[in-house]
Amino acid sequence: ALQAFLEARALAKAQDDREVEAAACANVSAIYLELGDGDAAAEVLEAAAALLPSGSTNRARVMAQRARVEMRFGGVEVAEVRIAEALEAAQSAGDRALEALIWDDLAVLRISTGDLDGADFALANEYRLWALFHTPNPEYLHWRLARLRLLQGRAEESLLWLKRAGVHAQRSPGSITPHEWEYDLALALEGAGRRAEALQAARRAWRWSAEWRKEVLATQSAQLAADVSQADVAALYVRLSAGTAEPPEAAFLAVEQSRAASLRYALMNRPVMRERLGPEYIRTLVEWRNGTARWLNSGGRGAEPKEIIRLRARLGEIEASFGLPLQTPEGQGPSAGRQLRSRVGSGTVLFSFQLAEPSSNAWLLTAEGVTRASLPGRAELTRQVERFRTALEANEPGVGVLGARLYTTLFGFAPAAATEAHCWYLSLDDALLSLPFAALRPGGAQTGPWLVERHRLTVVPSAFWLLRAASLPPSQGLLAVGDAVHNGADPRYRPAPAATAMAGPLSFWVWPRRTTGEPDAARLELPALAGSRREIERVSTIWQRAGLPVEALSGTNATEDALNRALSRKPGTLHFATHVIAVPARSSRFLVRASTKQGGAGSLQMAPRPDDAFLALSMQPDGTRDGINTASVPAFDVPGSLVVLNGCSSGLARMQPGAGLMGFARAWMSAGASTVVASLWPLADDTGALFEHFYEARLRGSSASQSLQAAQTAMIRGQGWRAEPRHWAGYISAGQE
């Protein structure tokens, strides 16, 4: 649909038809809005408004779209005004279809504020227009009424309205997303006390959400919205399956496939990956999508056609040959379980966590099967994690007690045989992504060994990541980047003459400075990292002693151009010792979707926008600052490489349930890195003692997680200030070799 509207816009522009071009822009905006890319929706809509000629019949439609954008950004008061203006314009123009859509928008807005009577009034007006004038999309009207009745605690009536919505949807194939309809059906059945049927509906909702996920736009916002929406469906399935005969493995696999999809599609959408997959993959993908669409439009009931199964299997074969993690049709079933169990043999286990309210879930995967347990709710676990982190970073004397308590909370359900396994994989969610697991106290002991002394810890984006074919590093070469020029006081800095110095626009990679030699508040003056020179020297020396190639970028050579050239030579290990700066998202929250919850609560499900991050390189003579941000990293190609980020909070980003790893860890894995070693909080500038131990173990043949364990253990046993957990526990190893 997006492709068709973009073509229509281009044709209209070529013919100077501003009216049609504006209408096409409004439709493009609607697609971006539906898929969660609010920034793009707002930008395209502004273009539509600027194109509209005076007296245009589309002006009311653009006004209505503006109201939707405001509503989804959380601007309820502004949205109220916009809706009233659009409603008046639609009524004046006699556009009944548009008026019905605006009443529907008003109903959604009323539900979001808890005004169910106001929502009822809005939907009654929409129903009146449908009954009198046969306005389009009756399936949405009946679906909205079903949701409202569920919120009002009238589950049986909700089921009747859902049935009517389904009848209308069959006359207009593809109008209602199957997973959304099945999701609400599951909630209504649960509310009516028909739990077994609710579980079946939730299972179908999960199945359809996995199919829908493959069609989402490649933009970051749309992908994030899809992560959250699919995770929401998986969470419903998990909740309804609790206490039933449903095997715990099924719920576990649903959650893990939801997480795998996020990073998997980030890898798939890279141009270099599309090029590698080749024309056969594209042809097979088109055939599979067309076949799936035909089946869905015919109702999607019964067994999946064999031809669709065959095409998907072929896609999986091609993807697996390039190191992409395998996926099963439903993320469930005996074959997926067997494959995962085969990857956790003797001495290896995987713990998976899903945070929810009123209780969270934990799974333990061993070679024998899957065990499930209930944990405290999201709010309580978040509180415990934050309290432990605060105590750890402040080196409080009670940190051992807190670490022992948190260990018992998270792992107390696991049998001794599992907790004695040396290698632990951790599939994490939400606040647990910021937890320094290495500094927990195993067995509930307040003293004694730290968790990292007993177990090798590896964070994985999903259990399915264990099925990813291992990529050999492209070379044994090292690229070390550090000791950059970070401020004008650095004697290596040579400013350009005042006549040629220009002020750059504020952005992720270009920072403003005055054209005089004096710094001001607008200039990004970063403190020098005195230890980074010694750090890259130490690391480089270890490599050189082993007779391996080394390339170091430091001082005025630590530029973006030099980094691009060095990466083209395919180093097997990348080590960055520099500043990592958080860049807050332009807009903090955006609506993913309106939803109903257990117990009749309604909400506009808002998702935090992902913050970006900027990895600082050297200042240039004109005052601009070189560097890379998380959005630009996936354009690199580092298959099988190890990336080490020794910068402040390089492994941490804003957490979002269902989205999994974010920030630079995710970005480098999207570029093909096998493992990323990063930090969870700002660490003191040091001379790289920890990484000296890390690389010595690495060059002896240890994996990244084994090397990190060896380095952290060396810090603990070395005593002195480095033995304090705040200096070593913040490092994590994410990925798999």
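Please read these numbers as outputs of a predicted model, since none were measured by experiment.

J.: I would appreciate a short explanation of the overall build of the protein in the present structure.
T.: On a plain count of helices and strands, the protein comes out with 25 helices and 16 strands. Across the 737 residues of the protein, 56% fall into the buried class. The contacts in the protein between residues at least 6 apart in sequence include a share of 71% that link residues at least 24 apart. Carbon and sulfur atoms make up 54% of the accessible area of the protein, which amounts to about 29700 Å² in all.

J.: I'm lost on the side chain of His575 in this one. Help?
T.: Structurally, His575 can be placed in strand S8 (residues 573-577). Overall, His575 belongs to the buried group, its relative accessible area being 0%. Within the local environment of His575, its side chain forms a polar contact with the side chain of Glu535, the two groups lying 2.6 Å apart. Not counting the four nearest positions on each side in its chain, His575 is found in contact with Leu478, Leu479, Ala480, Val481, Glu535, Val539, Val644, Asn646, Phe691 and Tyr695.

J.: What exactly am I supposed to notice about the pattern of salt bridges here?
T.: A side chain with one charge may pair with a side chain of the opposite charge, provided their charged atoms come close. Considering all chains together, one arrives at 33 salt bridges under this definition. The salt bridge partner of Arg61 is Asp95, with a shortest N-O separation of 3.3 Å. On the criterion of sequence distance, the pair formed by Arg61 in helix H4 (residues 59-72) and Asp95 in the loop between helix H5 (76-93) and helix H6 (96-112) is long-range, its members being 34 residues apart. Owing to a relative accessible area of 23%, Asp95 belongs among the partly exposed residues under this scheme. Taken together, the shared-partner salt bridges connect Asp120, Arg149, Arg154 and Glu157 into one network.

J.: Looking at this structure, I do not really get the packing of aromatic side chains. What am I missing?
T.: Tallying each qualifying case throughout the model produces 20 aromatic pairs. Taken together, a centroid distance of 5.3 Å and an interplanar angle of 65 degrees make the contact between Tyr127 and Trp130 edge-to-face. A residue pair is termed a helical-turn pair when its members lie 3 or 4 positions apart in one helix, as Tyr127 and Trp130 do in helix H7 (residues 116-133) at three residues. Since its relative accessible area comes to 31%, Tyr127 is described here as partly exposed. Aromatic side chains Tyr127 and Trp161 sit 6.0 Å apart centroid to centroid with 80 degrees between the ring planes, which places their arrangement in the edge-to-face category.

J.: Where do I start with the pairing of strand S6 (residues 478-484) in this structure?
T.: Of all seven residues in S6, seven are buried, a share of seventy percent or more. Examined bridge by bridge, S6 and S8 share five bridges and lie parallel to one another. Counterpart to Ala480 in the pairing with S8 is His575.

J.: So what exactly am I meant to see when it comes to unusual backbone geometry here?
T.: Among all residues except glycine, the phi angle is most often negative; among peptide bonds, the trans geometry is most common. The step from Glu357 to Pro358 runs through a cis peptide bond, and the omega angle for that step is 5 degrees. Along the polypeptide, Pro358 turns up in the loop between strand S1 (348-354) and strand S2 (359-366). Here Asp16, not a glycine, exhibits a phi torsion of approximately 55 degrees, which is positive. Within the secondary structure layout, Asp16 lies in the loop between helix H1 (2-14) and helix H2 (18-34). For Asp16, a relative accessible area of 62% translates into the label exposed. Notably, His134 is not glycine yet its phi reads approximately 55 degrees, a positive angle. Within the secondary structure, His134 sits in the loop between H7 and helix H8 (138-151).

J.: Sorry, what's going on with helix H9 (residues 155-171) here?
T.: Along an α-helix, residues three or four positions apart point the same way, because every turn accommodates 3.6 residues. In this model H9 runs 25 Å from its N-terminal to its C-terminal C-alpha over 17 residues, within 8% of the 24 Å that 1.5 Å per residue would give. Listed in full, the buried residues belonging to H9 are Ala155, Ser158, Leu159, Trp161, Leu162, Ala165, Gly166, His168 and Ala169. Looking at the buried residues of H9, the elements they touch are H7, H8 and helix H10 (178-191).

J.: Which parts of the structure should I look at to understand the side chain of Asp483?
T.: You can see Asp483 is positioned in strand S6. Engagement of the side chain of Asp483 in a polar contact is seen with the side chain of Arg492, the distance being 3.1 Å. Not counting residues up to four positions away in its chain, the partners in contact with Asp483 are Arg492, Ser532, Arg533, Ile536, Ser554, Gly555 and Ala577.

J.: Can you walk me through the nonpolar core in this structure?
T.: A general trend in soluble globular proteins is that nonpolar side chains are found buried together. Judged by nonpolar contacts, the single largest core of 77 residues is most densely connected at Ile102, Phe252 and Leu350. The greatest single-element share of this core, amounting to nine residues, is contributed by H6. Among all residues touching Ile102, those that are not within four sequence positions of it are Ala64, Ile83, Ala86, Leu87 and Ala90. Leu426, Leu478, Leu680 and Leu708 belong to the second-largest nonpolar core, a separate cluster that totals 66 residues.

J.: I keep staring at H2 and nothing clicks. Help me out?
T.: Its 17 residues place the ends of H2 24 Å apart at the C-alpha level, agreeing with the 24 Å of an ideal helix rising 1.5 Å per residue. Turning to H2, its buried residues number three or more, namely Glu21, Ala22, Ala24, Cys25, Ala26, Val28, Ser29, Ile31, Tyr32 and Leu33.

J.: Can you help me understand the pairing of strand S4 (residues 423-427) in this one?
T.: Each regular strand shows side chains that alternate between the opposite faces of the sheet. Here S4 lies mainly inside the structure; five of its five residues are buried. Of the two faces of S4, both are covered, the one formed by Cys423, Tyr425 and Ser427 as well as the one formed by Trp424 and Leu426. Here S1 pairs with S4 via five bridges, running parallel. Paired with Phe351 across the strands is Leu426, a residue of S4. Bridge count for S4 against strand S5 (residues 456-460) is five bridges, and the pairing is parallel. When the sheet's bridge partners are listed, Leu426 is paired in S5 with Val459.

J.: Teacher, can you tell me more about the packing of helix H13 (residues 248-268) against helix H23 (residues 663-670) here?
T.: To characterise two packed helices, one gives the angle between the axes of the helices and the distance between these axes. Here H13 crosses H23 at 50 degrees, and the two axes come no closer than 9 Å. Put simply, H13 runs oblique to H23. When H13 is examined against H23, the residues Ser262, Leu263, Ala266 and Leu267 are found in contact with a partner set consisting of Arg666, Met669 and Ser670. When the residues that make up the contact of H13 with H23 are grouped by side-chain class, the tally is four nonpolar, two polar and one charged.

J.: Before we go on, may I ask you to explain the packing of H9 against H10 in this structure?
T.: The geometry of H9 relative to H10 is characterised by a closest axis approach of 8 Å and an angle of 155 degrees between their N-to-C directions. Relative to H10, the element H9 lies roughly antiparallel. As H9 packs across H10, the resulting crossing turns out to be left-handed. Packed against H9, whose contacting residues are Ala155, Ser158, Leu159, Leu162, Ala165 and Gly166, the element H10 presents Trp181, Asp184, Leu185, Ala188, Leu189 and Gly191 at the interface. Grouping the amino acids of the contact of H9 with H10 by side-chain chemistry returns eight nonpolar, three polar and one charged.

J.: How should the environment of Ala367 be read in this particular structure?
T.: Turning to its location among the elements, Ala367 is positioned in the loop between S2 and strand S3 (369-376). Judged by relative accessible area, Ala367 falls into the partly exposed class, the value being 37%. Expressed as a C-alpha distance, the spacing of Ala367 and Gly347, which sit 20 residues apart in the sequence, is 9.7 Å.

Rules and cut-offs
- Residues numbered from 1 in each chain as written.
- Predicted model: local features only at pLDDT ≥ 70, side-chain atom pairs only at ≥ 80, totals over all residues.
- Heavy atoms only, no water.
- Helix = DSSP H or I, 4+ residues; strand = E, 2+ residues; numbered from the N terminus.
- Buried < 20%, exposed > 50% of the residue type's maximum accessible area, 1.4 Å probe, protein only.
- Contact = heavy atoms within 4.5 Å.
- Areas by Shrake-Rupley, 256 points an atom, 1.4 Å probe, with all protein chains shown as cover.
- Polar contact = N/O pair within 3.5 Å; in protein donor to acceptor, adjacent residues only side chain to side chain.
- Salt bridge = Lys/Arg side-chain N within 4 Å of Asp/Glu carboxyl O.
- Phe/Tyr/Trp six-rings, centres within 6.5 Å; stacked < 30°, edge-to-face > 60°.
- Pairing = 2+ DSSP bridges.
- Expected span 1.5 Å × (residues − 1).
- Core = buried A, V, L, I, M, F, W, Y, C linked by side-chain atoms within 4.5 Å.
- Axes fitted to C-alpha atoms, helices over the stretch in contact; angles between N-to-C directions.
- Parallel < 35°, antiparallel > 145°, perpendicular 65-115°, else oblique.
- Nonpolar A, V, L, I, M, F, W, Y, C, P; charged D, E, K, R; others polar.
- Left-handed = near helix turned anticlockwise from the far one by under 90°.

From the geometry alone we can't say anything about function, so treat these as descriptive.
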